[in-house]
Amino acid sequence: MLFNSYIFIFLFLPLTLIGWYGLNKIKAYEPAKFFLAGMSLWFYGYFNIYYLAIIIVSILSNYLLSYLMKFSHTRLSGRIGLAAGLMLNLGMLFYFKYYDFFFENINLIFHTDFNLKHILLPLGISFFTFQQLSFIIDRCTGKAPHYSFSNYITFVTFFPQLIAGPIVLYKEMMPQFEDISNRRFHAESFAKGIVLFTIGLGKKVLLADVLALPVNFGFENTPFLDTPSTLLVILAYTFEIYFDFSGYSDMAMGLGKMFNIQLPMNFNSPYKACSVKELWQRWHMTLSRFFIQYVYIPLGGSRKGELRTIINTFLVFFLSGLWHGANWTYVAWGSMQGLLVIWDNLGIVGVKGSNEKLHSRIQMPRYLGWLFTFSFFNLSLFFFRSDSLSDAFQMFKNIFAFKATGYIYKIAARLDIPEFYLIKQVINMTAPEILSYAYVALFIILLLISAFILTRKNAVQIVEEHPLNLRLCLIITIIFVWSVVSFSQVSTFIYFNF
């Protein structure tokens, strides 16, 4: 079930809110949690009922392991439990997400003939697996207590973050589900939730989905792109992926507020960063947090010398790339991010006014730091978006071919959106020969609007810093109505694939 769908907004969400607050009103606290978990499973199973069996088996297996750890009182049994937890969660993730990728490469390298299973990837498996993995690791190392099943299943299945994050931790969620004061309706929290949800909805429907039209066409026709069209397509994708994923995160946080549950912030204006390291402190923050806590620090972090720090940093980004998908394009993308962060950590070049790299030998102005960071991130997305490494390298070739064939007109023509209908009709009746130029102008205007929005405060800052006055309510109402009118049945979230 999509957040940006009629069934979610006008049926699922009202029913879930009424049931949650209604049961808590009569102090049926345990039934309320099971009700919320049940509705969340409906939300998840709406995509494919087959997915329900996978997530339920995962939940029951992890909870049973947590329960068995109650009887573990030795370090050896803790290690056995930890090994079992890793094998359970990573094994399930490997089977559903990486089995074909692994054996396809084995067949290629060793000329074997293993059969590929072509397994349908369950939605959100990377998210709910990491979520449970963090709990099991801390449970087996004695850092986490055992919780009731009602708390655990609500923690794992809570629908706002179930499909595409943010990746939440038990220690920030369990206390909120146990806190009785969170069960009462709070008008201010609910209102802020609506505002945050609507801003995210607008990002997704009015910006990301529109930008996806020329982006998808461009990446389907990489051999034909010239330099201008390649540059505009990758810039559009840079904006699309941000508005898509941060829009989902905003909606998730907004929904959480409607239920008096505070979800962690996942994006903090990453395109304002002046270094790649800073960008990753602002982009997909909960994924970075997971890898730092459960991979980087256990490997020694920065405590075992510069070489070990470089290796640990690269490994984190290598795994981050692989987490995003079973394709060498994601590995290349993650590796590129890791090398750029390592470059930042070496301190050869720093940014003036930054608290970091005060010892850097070369100090560049902040605008240059931003330009390099934004440019390199754009280039890295060739790997992230392309279907294969050859397609990604073709995009690089297109940029440095320095030729213009006019293909930009075909790219821009994909922006045949309803909002442009009247202008299109007027042009067709008065000067049809300039229609192709009008589409290019529309494309550029859309990119400029996107860039302008990115220079402003992010959604969380708007909600926290602006009073809920008539002006804000009017703007939110317009965004909501415009978004609902623009719903499309083919729309989906980019990170559903991960």
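In case you missed it, the structure is sitting above this.
Residues numbered from 1 in each chain as written. Predicted model: local features only at pLDDT ≥ 70, side-chain atom pairs only at ≥ 80, totals over all residues. Heavy atoms only, no water.

A.B. asks: Give a description of the overall build of the chain that names residues and reports values.
C.D. replies: In terms of regular secondary structure, the chain is built from 21 helices and 2 strands. Its C-alpha atoms give the chain a radius of gyration of 24 Å, within 12% of the compact-globule value 23 Å for 498 residues. Each principal axis of the C-alpha atoms in the chain carries an extent, and together these give about 75 × 55 × 55 Å. Buried positions account for 55% of the 498 residues belonging to the chain. (Helix = DSSP H or I, 4+ residues; strand = E, 2+ residues; numbered from the N terminus. Rg over C-alpha atoms; globule rule 2.2 N^0.38 Å. Buried < 20%, exposed > 50% of the residue type's maximum accessible area, 1.4 Å probe, protein only.)

A.B. asks: Explain the side chain of Asp226 residue by residue, including any values.
C.D. replies: Among the structural elements, Asp226 can be located in the loop between helix H9 (187–220) and helix H10 (227–258). The buried charged residue Asp226 lacks any salt bridge partner; its closest oppositely charged side chain belongs to Lys403, at an N-O distance of 8.3 Å. Among the polar contacts made by the side chain of Asp226, one reaches the main-chain amide nitrogen of Thr405 at a distance of 2.7 Å. A polar atom in the side chain of Asp226 sits 3.2 Å from the backbone nitrogen of Gly406. In contact with Asp226, other than residues within four places in its own chain, are Asn398, Lys403, Ala404, Thr405, Gly406 and Tyr407. (Lys, Arg positive; Asp, Glu negative; His and termini not counted. Salt bridge = Lys/Arg side-chain N within 4 Å of Asp/Glu carboxyl O. Polar contact = N/O pair within 3.5 Å; in protein donor to acceptor, adjacent residues only side chain to side chain. Contact = heavy atoms within 4.5 Å.)

A.B. asks: Give me the packing of H9 against H10: which residues, what numbers.
C.D. replies: Angle between the axes and distance between the axes: these two values describe a pair of packed helices. Remark: H9 packs on H10, axes separated minimally by 7 Å, with the N-to-C direction vectors making an angle of 155°. Put simply, H9 runs roughly antiparallel to H10. Handedness of the H9/H10 crossing: left-handed. Its residues assigned to classes, the contact of H9 with H10 shows 23 nonpolar, 7 polar and 7 charged. (Axes fitted to C-alpha atoms, helices over the stretch in contact; angles between N-to-C directions. Parallel < 35°, antiparallel > 145°, perpendicular 65-115°, else oblique. Left-handed = near helix turned anticlockwise from the far one by under 90°. Nonpolar A, V, L, I, M, F, W, Y, C, P; charged D, E, K, R; others polar.)

A.B. asks: Would you mind going over the pattern of salt bridges in detail, with residue names and values included?
C.D. replies: All told, the structure shown has 11 salt bridges when counted by the stated rule. For Lys203, the salt bridge goes to Asp250, with nearest N and O atoms at 2.7 Å. One end of the pair, Lys203, is in helix H9; the other, Asp250, is in helix H10, and 47 residues separate them in sequence. The pair formed by Lys203 and Asp250 is uniform in burial state, with each residue classed as buried.

A.B. asks: With reference to specific residues and values, describe a nonpolar patch on the surface.
C.D. replies: A surface patch of nonpolar side chains, about 370 Å² in accessible area, is lined by Leu11, Leu15, Trp42 and Tyr46. Assignment of secondary structure puts Leu11 in helix H1 (residues 6–25). (Patch = residues over 30% accessible without salt bridge, like charges linked within 9 Å, V, L, I, M, F, W, Y side chains within 5 Å. Areas by Shrake-Rupley, 256 points an atom, 1.4 Å probe, with all protein chains shown as cover.)

A.B. asks: So what's going on with the nonpolar core? Which residues, and what values?
C.D. replies: Counting residues in each nonpolar core, the largest one holds 145 residues, and the members touching the most others are Phe8, Phe159 and Phe259. Ranked by the residues each element gives to this core, the list is headed by H10, at 16 residues. In this structure, Phe8 is in contact with Met1, Leu2, Phe3, Leu13, Pro14, Phe43, Phe159, Phe197 and Leu255, ignoring residues within four places of it in sequence. (Core = buried A, V, L, I, M, F, W, Y, C linked by side-chain atoms within 4.5 Å.)

A.B. asks: Requested: an account of the environment of Leu207, with residues and values cited.
C.D. replies: Within the secondary structure, Leu207 sits in helix H9. Accessibility expressed as a relative area gives 10% for Leu207, which makes it buried. Taking the C-alpha atoms as reference, Leu207 lies 9.7 Å from Gly247; in sequence the two are 40 residues apart. Those residues in contact with Leu207 that lie beyond four places of it in its chain are Gly202, Phe243, Leu446, Ser450 and Ile453.

A.B. asks: Any chance you could break down the packing of aromatic side chains for me, citing the residues and the numbers?
C.D. replies: Summed over all chains, the structure comprises 74 aromatic pairs. For the pair Tyr63 and Phe149, a centre-to-centre distance of 5.1 Å together with 75° between the ring planes defines the contact as edge-to-face. In this pair, Tyr63 sits in helix H3 (residues 49–68) while Phe149 sits in helix H6 (residues 149–157), placing the two residues 86 residues apart along the sequence. Between the NZ or CZ atom of Lys97 and the centre of the ring of Trp323, over which it lies, the distance is 5.4 Å. (Phe/Tyr/Trp six-rings, centres within 6.5 Å; stacked < 30°, edge-to-face > 60°. Lys NZ or Arg CZ within 6 Å of the ring centre and 35° of its normal.)

A.B. asks: With reference to specific residues and values, describe unusual backbone geometry.
C.D. replies: Although it is not a glycine, Ser269 adopts a positive phi angle of roughly 50°. By the element assignment, Ser269 lies in the loop between H10 and helix H11 (276–282). Take Ser269: its relative accessible area is 7%, and that puts it in the buried class. Positive phi is not limited to glycine here, since His284 has a value of about 45°. Checked against the element boundaries, His284 lands in the loop between H11 and helix H12 (285–296). Using a relative accessible area of 0% as the deciding quantity, one classes His284 as buried.

A.B. asks: Can you break down helix H5 (residues 125–140) residue by residue, with the values?
C.D. replies: Its 16 residues place the ends of H5 22 Å apart at the C-alpha level, agreeing with the 22 Å of an ideal helix rising 1.5 Å per residue. H5 sits mainly inside the fold: 16 of its 16 residues count as buried. Within two residues after H5, Gly142 carries a phi angle of roughly 80°, on the positive side. (Expected span 1.5 Å × (residues − 1).)

A.B. asks: Can you tell me about the packing of helix H2 (residues 29–45) against H3, naming the residues and giving the values?
C.D. replies: Two elements in contact, H2 and H3, have axes separated by 8 Å at closest approach and are oriented at 130°. It follows that H2 is oblique to H3 by the angle criterion. Across the interface between the two elements, Leu41, Tyr44 and Gly45 from H2 touch Ile49, Tyr51, Leu52 and Ile55 from H3.

A.B. asks: Could you give me a rundown of helix H19 (residues 435–455), with the residues and numbers involved?
C.D. replies: Between the first and last C-alpha of H19 there are 31 Å, a value that for 21 residues agrees with the 30 Å anticipated at 1.5 Å per step. Those residues of H19 lying buried are Leu435, Ala438, Tyr439, Val440, Leu442, Phe443, Leu446, Leu447, Ser450 and Leu454.

A.B. asks: Could you give an account of the side chain of Asn105, with specific residues and numbers?
C.D. replies: Structurally, the position occupied by Asn105 is in helix H4 (residues 75–110). Here the side chain of Asn105 touches Trp328 through a polar contact of 2.9 Å, side chain to side chain.

A.B. asks: Residues and numbers for the environment of Tyr437, please.
C.D. replies: Examined against the element boundaries, Tyr437 turns out to sit in helix H19. Taking relative accessible area as the criterion, Tyr437 reaches 51% and is therefore assigned exposed. In this structure the C-alpha to C-alpha distance between Tyr437 and Ile408, which are 29 residues apart in sequence, comes to 9.8 Å.

By themselves, these are just geometric observations and shouldn't be taken as functional.
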